[in-house]
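Each chain, letter by letter, is given below.
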Amino acid sequence: MAANAQNKHRKFKVIAFYTGKNDQAHISFVHEANKWFPRMAEERNFTYDSTNNWDNLNASFLSKYQVVIFLDTRPDKPAERQAFENYMKHGGAWMGFHFSAFALTPSDFPQNWDWYHNEFLGSGSYGSNTWRPTSAVLRVEDKKHPTTKNLPDTFNSAPNEWYKWTNDLTKNPNIKILLSIDSSSFPLGTGPKPYEIWHSGYYPVAWTNKNYKMVYMNMGHNDIDYEHTPHNKDLSFTFDNEVQNKLVLNSLIWLGSK
């Protein structure tokens, strides 16, 4: 009874969906997130639940929550996709990390969901990435947005694999870019393949769509020692970075507010 009474006074409820089956770096991030978010929920007085059952992406289940998080992938079934689209078009809020925006045709995650990748995210398909995972200097592009409150002009991120997209987000009037990779980051990546090292260019890493209450962040890929340990030891953690954590919490509190 006491627990139920306490839950009634929580500010908002968050449900995180995850798959946790593809790539040790993504699995590492999911495990980390599902430890970090509950701690933040206790500190900041919201409720955090998580599930790997994507069939829960339906109107009845979603009606209990004010914020949905995609930690690593996206729904595949048409009914799940339609339920999420309806949820977002009727006032729901969403936060997505790293691989949740990935789409590449042909692959196990083809670009076969135009509303999500082209309209909602605006990014289109995956274009390329840096390797190996490394920290970048990130620049705040919109200092007035609630998500960037009290962030410095630039800061060093946690190590990450950075994505490039097929769509130019700067040309989309519905997209507000919140963070981008600062030019002082270049060269970004260590290879070994030359195209995995970026030397110039403009790369958004966090943004929102003005037509929806949403935030996407490209962060969410921990560095893993694939080469030297039999157990794929974690070499970095996304939530070890306090400034970046402030961005995540700012975003979540903004998404959960009425």
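Scroll up to find the structure this text is about.
What comes next concerns the included structure. (Residues numbered from 1 in each chain as written. Predicted model: local features only at pLDDT ≥ 70, side-chain atom pairs only at ≥ 80, totals over all residues. Heavy atoms only, no water.)

**Topic: the layout of surface pockets**
Here the largest pocket is characterised by a volume of approximately 160 Å³. What lines the largest pocket is simply Tyr163, Lys164, Trp165, Asn167, Asp168, Leu169, Thr170, Gly201, Tyr202, Tyr203 and Pro204. Its residues assigned to classes, the lining of the largest pocket comprises six nonpolar, three polar and two charged. (1 Å grid on protein atoms, 1.4 Å probe; cavity = no way out; pocket = protein on both sides within 12 Å on 5 of 7 lines; lining within 4 Å. Points joined across faces, edges and corners; volume = space filled by probe spheres on them. Nonpolar A, V, L, I, M, F, W, Y, C, P; charged D, E, K, R; others polar.)

**A few points about the pairing of strand 2 (residues 47-51)**
Inspection of the sheet shows strand 1 (residues 13-17) paired to strand 2 by five bridges, in the parallel sense. Across the sheet, the residue bridging to phenylalanine 17 is threonine 51, located in strand 2. The parallel pair strand 1 and strand 2, bridged by helix 2 (residues 24-44), forms a crossover whose chirality is right-handed. (Pairing = 2+ DSSP bridges. Helix = DSSP H or I, 4+ residues; strand = E, 2+ residues; numbered from the N terminus. Right-handed = clockwise from strand over helix to strand, strands pointing away.)

**Observations regarding the packing of aromatic side chains**
Inspection of the entire model under this criterion finds 41 aromatic pairs. Relative to tyrosine 216, the ring of tryptophan 165 lies with its centre 6.1 Å away and its plane at 80°, an arrangement referred to as edge-to-face. Here the residue tryptophan 165 occupies a position in strand 8 (residues 163-165), and tyrosine 216 occupies one in strand 11 (residues 213-217), the gap between them amounting to 51 residues. The class for tyrosine 216 is buried, based on a relative accessible area of 0%. The structure contains a cluster of three or more aromatic residues connected by ring pairs, namely Phe17, Trp54, Phe61, Tyr65, Phe70, Phe84, Trp94, Trp113, Trp115, Tyr116, Phe120 and Tyr212. Positioned above the aromatic ring of tyrosine 65, the side-chain terminus of lysine 13 is 5.1 Å from the ring centre. For the cation-ring pair, lysine 213 lies above tryptophan 254, with the distance from its terminal atom to the ring centre recorded as 5.8 Å. (Phe/Tyr/Trp six-rings, centres within 6.5 Å; stacked < 30°, edge-to-face > 60°. Buried < 20%, exposed > 50% of the residue type's maximum accessible area, 1.4 Å probe, protein only. Lys NZ or Arg CZ within 6 Å of the ring centre and 35° of its normal.)

**Thoughts on the sheet that holds strand 10 (residues 204-209)**
Reading across from one edge, 2-1-3-4-11-10-9-6-7 is the order of the nine strands in this open sheet, with mixed pairing throughout. Where the open sheet ends on each side, the last strands, each with one partner, are strand 2 and strand 7 (154-156). Averaged over all neighbouring strand pairs, the angle between strand axes comes to 20°, with direction disregarded. Of the strand pairs in this sheet, strand 3 (residues 67-70) and strand 4 (residues 93-97) are connected by four bridges, and their pairing is parallel. Along strand 4, the bridge assignment pairs valine 67 with alanine 93. Its contacts with the sheet put helix 2 on strand 2, strand 3 and strand 4, and the angle it makes with strand 2 is roughly 160°. (Axes fitted to C-alpha atoms, helices over the stretch in contact; angles between N-to-C directions. Contact = heavy atoms within 4.5 Å.)

**Comments concerning the nonpolar core**
Counting 44 residues, the largest nonpolar core has Phe37, Ile69 and Leu71 as its most contacted members. If you tally residues by element for this core, the top one is helix 2, at seven residues. In this structure, Leu62, Tyr65, Phe120 and Trp207 belong to the second largest nonpolar core, which totals 32 residues. (Core = buried A, V, L, I, M, F, W, Y, C linked by side-chain atoms within 4.5 Å.)

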